[in-house]
Each structure stands twice: as C-alpha cells, then as structure tokens.
Amino acid sequence: MHTIDLIVFLVFTGGIILLGASFWRKKTSADEFTSAGRSLPGWVVGMSIFSTYVSSISYLGYPGKAYDSNWNAFVFSLSIPIASYVAARYFVPFYRRQTSVSAYAFLEQRFGRWARWYASACYLLTQIARIGSIVFLLALPMNVLLGWDIRSVIILTSVGIIFYSMMGGVRGVIWADAIQGIIMIGGALVCLAILMFSLPGGPEQSLRIAWAGGKFSLGSFDPTCLSESTFWVCLVYGIFTNLQNYGIDQNYVQRYHAARSARAARFSALFGGYLFIPVSAVFFLIGTALYSYYSVFPGMLPEGGAKGDYVFPFFIVNQLPVGITGLLIASIFAAGMSTVSTSITSGATVVLTDYIRPLMPRASERAQLLALRLSSLVIGLLGIAVSLALTGVDSILDAWWKLSSIFSGGMLGLFLLGFVSQRVRNVDAAIGVICGVIVIAWISAAQWLGLPETGIHEYLAIVFGTLTIFLVGFLLARRI
C-alpha cells in the first residue's frame, strides 16, 4: 500500500472516530444519548438511515454477488420503496406519538412484558450477527492490501468504532453517518468510472461482455419455485425484511425520534430508502464491470482466481491509481463503521429501555448512562466474536441474509398482530409466536436436525415465520 493511500485512509478513519467522539459531553442524559434531544435535521437523519443500510455487506458483498452470479440480489433493493412509503405514512407518526424511544414498548402495552423481551432479544441477536458480518468485511481489504492478520484487523477496527459509539451517543453516530454516506457514494462512483473506462472499448465493451455472460439477470421468474433464490423469492424476502427494518428495527425507530419534527422524520424515511436504490445499482454495476474487466484481462487475477467477496478488494489493491486506493478503502470503512456504530448504540438503547429501566425504575441518570456505555462495550465485543467465527464463510452476503432471517424470529408478525387488531389476546399472540419459531427453526435447520426437507429457501424463513405468527394469533382471536 502506497504511503499516500495509507495517509488518506488513516486521516479519514481517525477523523471519523474523532468526529463521533467529539459529541461527548460531561453533563448529558440518557435521553440525549439515545434520541439526541429530538433536534436533528431531516436530511442528516435520512443520510444516517441510508448509511446504516449501505454497510460493507453492500459495498463488498453486492459486487461479489454480481461478479460470481448476476443481479438477482438487486431485487431486494427494489422492495425498499414499498417499505419506505409504509414507514412514512404509518410507522413514523405512530412512533412519534410514543413516549418511549424503544421500538418494543408498544408490544408490552398490548401483550405484556414477555412480548417486549422476545422482540428485543431477537433484535439484539440480529444486531450482533450484523456487527460480526460487517466487521469481517471491513477487515478484508486490509488483509489483502497489507497482508495483516485478518483477526487482528477485526479487533483493532472494532475497538475504534466501539470507542466513538460509547462517547458520542446517537447524535455523534448520526452526524458521522451523514459524512460517511457522502464519502462512500463518492468512492463508489469514482471506482465505477475507472472500471468502465479501463477496457479498450470503454463502457460499451464492459456492458456487452456482461450482457453476453447473463450478468444482468434478475433470476428465474418461476412463481412456483420456493427452494431457490428466484426473482419472487428475493422480492418477497425484501418486502418482509424491509417492512421489519422500517417498522420495528430500533436502528430506524431511534432515528425517527431523533428528527426535529414528524415531518422531518417522514422525509428521512423516504430519503434514506430511495437513495439506496441507485447506490445499490452502482455496487452491482461495479461487480458486473469487474467480471468484464477480468474477462478481458484474466492474467491479472491471482493464480486460482478469487472468491467473490475478495475480487473487489483485489482490484482496489492492484489496479487503482495511488490516492484512489486510499479513498476506496476509506469508503468501505465508512460503509461499515456507520452501520456498526448504529447497531452498537441502538442495541445499548434496547438494553436500557427494555431491560434495565423496567427492572430498575429508580436507577439514577448516572447509572443509566453507565449502563448505556457498558452495554455498548459488551455488544461490540460479542460482535467481534461473531466476526472471528465468520472468517471461513464463502459468501458473507448469503451468511448475513440467512442469519438475519433466522434471528428476526418473525417479530414483524407479532408487531402487526398488535397494530392491526385489538381483539388479539396475550395468549393468542404467545401461541402464534411459538408456532412461528417452530416454522423458522424447521425451515432454517431441517438439514442439521435430520428433519424432512421443506423445499423452501432459507431466505423465506422470515416470511413464513412472520405469516405464521400473524395468522395463528389472528385466527385464534376470532376463535377459528
């Protein structure tokens, strides 16, 4: 790695850590730490939502998938406008009326504390898995660039992110996210332009080779096939996942509360979601262009080729000009740091609002702040452990989608039960959750447990789990 690239990378990464930590205040409150006093502009919150979505899973995983296969995973992005609209129309006004910053306080009001603890536990497991996946992808470029031990990079990177998340709270995280979002978009566009014009025939040749290789396929349109990642499987998975993200994910709900007004919060939901669509298309174009590039120059790949997740870092290291390499590595770190810091602060908020405050209602402000910072530390450390366990995974995007589908526990179905119908009782919801968890476990672990194969793709665990919880609870409430 050239000295200039290293300086660009270190200046950016150090600057982000200092920016996030600069919002530390000696005299603050738990509410300021978790909701920034409801004072942030809509565009800043919207950029934060966007940055949270564009993790290093997107920055490296999407190009890797496009390089290895096609644009099937892009169908997931096409579902976001639906979730963004529903969020702006229904979820944002609903949460802005709630007194608690927790996304799961409503479930306790409807079904009792067990429902709140179930949903918040699912959320914490999902965020720990997410942190692990993203930090692993953050470490990949440095492993390729400098040959540093990937485990050491995982630990050092995580420590920096944990530090500024603990110090700055959600205000520091959101402002850092906004800056990181701008950097990551710029880096992706620069890299795409270089790739497209690196071939003798320019962009036309790049697109022609990719088209001939079937790289723009969105997958099979067979509506009866549920065992493979078809267009419809990916679209339905995306709709359910994104409705869950925008509807009951603490990352998003916390940002709705941080906006200075309900109007600003609605704008942030739409802005962050819609911006992701063209940016994700850029990432898939990068993967497609990499396929064309190495089809023309196959000798530039290492002996034996490279796995999808490693191709983009390899290109950054070996083919980009000096200075641009540092910018791209900084962009990848921007994508990952924003998402990890968000997961850490939102996870700490859930621990405080859903566990500590209900069990210790008289805890002092100082004790609550200490709990937030200690929770941030513990969640970050657990994420490191997951990241270290993922070092042998072939496709981190596949691994993350499967883990998120399993750990979500169909909690969207539980939320919809309480949101849609007032007739659903505590016992109806509990039975629905039990049935939903059984369905998710069967779809996700049938092969491991020696059960009959379901013929259903693991991505759809969240879909069938959510539908089972909702339908069982709804029908029981009607005594059917």
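Predicted, not measured: the structure shown is a model, and the values here were computed from it.

Participant: It is not clear to me how the nonpolar core should be interpreted in this structure. Could you clarify?
Facilitator: Soluble globular proteins tend to bury their nonpolar side chains together. Formed by 131 residues in total, the largest nonpolar core has its most connected members in Tyr246 and Tyr256. Of the residues forming this core, the biggest block, 18 residues, is contributed by helix α9 (residues 150-196). Among all residues touching Tyr246, those that are not within four sequence positions of it are Ile49, Tyr53, Ile80, Ala83, Ser84, Ala87, Phe91, Tyr252, Tyr256, Ala269, Gly272 and Gly273. By size, the runner-up hydrophobic cluster in this structure holds six residues, among which are Phe33, Ala348, Leu352 and Leu369.

Participant: Explain the layout of surface pockets here, please?
Facilitator: Vacant regions in the atomic arrangement are exposed by a probe of water-molecule size rolled over the atoms. Computed from the structure, the second largest pocket encloses a volume of approximately 270 Å³. What lines the second largest pocket is a set of 15 residues, among which Phe9, Val153, Leu156, Thr157 and Phe333 lie closest to the centre. Sort the elements by how many residues they give to the lining of the second largest pocket and α9 lands first, with six residues. Partitioning the lining of the second largest pocket into residue classes produces ten nonpolar, four polar and one charged.

Participant: Sorry, what's going on with the packing of helix α12 (residues 250-258) against helix α15 (residues 324-359) here?
Facilitator: One can describe the packing of α12 onto α15 by two numbers: an axis separation of 9 Å at closest approach and a directional angle of 85°. Considered as vectors, α12 and α15 are oriented roughly perpendicular to each other. Contacts between α12 and α15 involve Gln250, Asn251, Gln254 and Arg255 on the former and, on the latter, Thr342, Ser343, Thr345, Ser346, Thr349 and Val350. When the residues that make up the contact of α12 with α15 are grouped by side-chain class, the tally is one nonpolar, eight polar and one charged.

Participant: I'm lost on helix α1 (residues 3-21) in this one. Help?
Facilitator: Every α-helix winds through 3.6 residues per turn, so residues three or four apart in the chain are directed the same way. Taking 1.5 Å of rise per residue, the 19 residues of α1 would be expected to cover 27 Å, and the 27 Å separating its terminal C-alpha atoms lies within 8% of that figure. Where α1 is concerned, the buried positions are Asp5, Phe9, Phe12, Thr13, Ile16, Ile17, Gly20 and Ala21. Burial along α1 is one-sided: seen end-on, the buried residues are contained in an arc of 165°. Along α1, the residues that are exposed and aim more than 90 degrees away from the buried face are Thr3, Val11 and Leu18.

Participant: What is the right way to read the packing of aromatic side chains from this model?
Facilitator: Note on aromatic pairs: each is described by the distance of the centres and the angle between the planes. All told, the structure shown has 31 aromatic pairs when counted by the stated rule. On the numbers, 5.0 Å between centres and 90° between planes, the contact of Phe94 with Phe106 is edge-to-face. With Phe94 in helix α6 (residues 80-96) and Phe106 in helix α7 (residues 105-111), this pair connects stretches of sequence that are twelve residues apart. With a relative accessible area of 9%, Phe106 lands in the buried category. Residue placement shows Arg89 over the ring face of Tyr90; its charged tip is 5.0 Å from the ring centre. We note Lys215 situated over the ring of Tyr291; from NZ or CZ to the ring centre the distance is 4.5 Å.

Conventions and cut-offs
Residues numbered from 1 in each chain as written. Predicted model: local features only at pLDDT ≥ 70, side-chain atom pairs only at ≥ 80, totals over all residues. Heavy atoms only, no water. Core = buried A, V, L, I, M, F, W, Y, C linked by side-chain atoms within 4.5 Å. Buried < 20%, exposed > 50% of the residue type's maximum accessible area, 1.4 Å probe, protein only. Helix = DSSP H or I, 4+ residues; strand = E, 2+ residues; numbered from the N terminus. Contact = heavy atoms within 4.5 Å. 1 Å grid on protein atoms, 1.4 Å probe; cavity = no way out; pocket = protein on both sides within 12 Å on 5 of 7 lines; lining within 4 Å. Points joined across faces, edges and corners; volume = space filled by probe spheres on them. Nonpolar A, V, L, I, M, F, W, Y, C, P; charged D, E, K, R; others polar. Axes fitted to C-alpha atoms, helices over the stretch in contact; angles between N-to-C directions. Parallel < 35°, antiparallel > 145°, perpendicular 65-115°, else oblique. Expected span 1.5 Å × (residues − 1). Arc of directions from axis to C-beta. Phe/Tyr/Trp six-rings, centres within 6.5 Å; stacked < 30°, edge-to-face > 60°. Lys NZ or Arg CZ within 6 Å of the ring centre and 35° of its normal.

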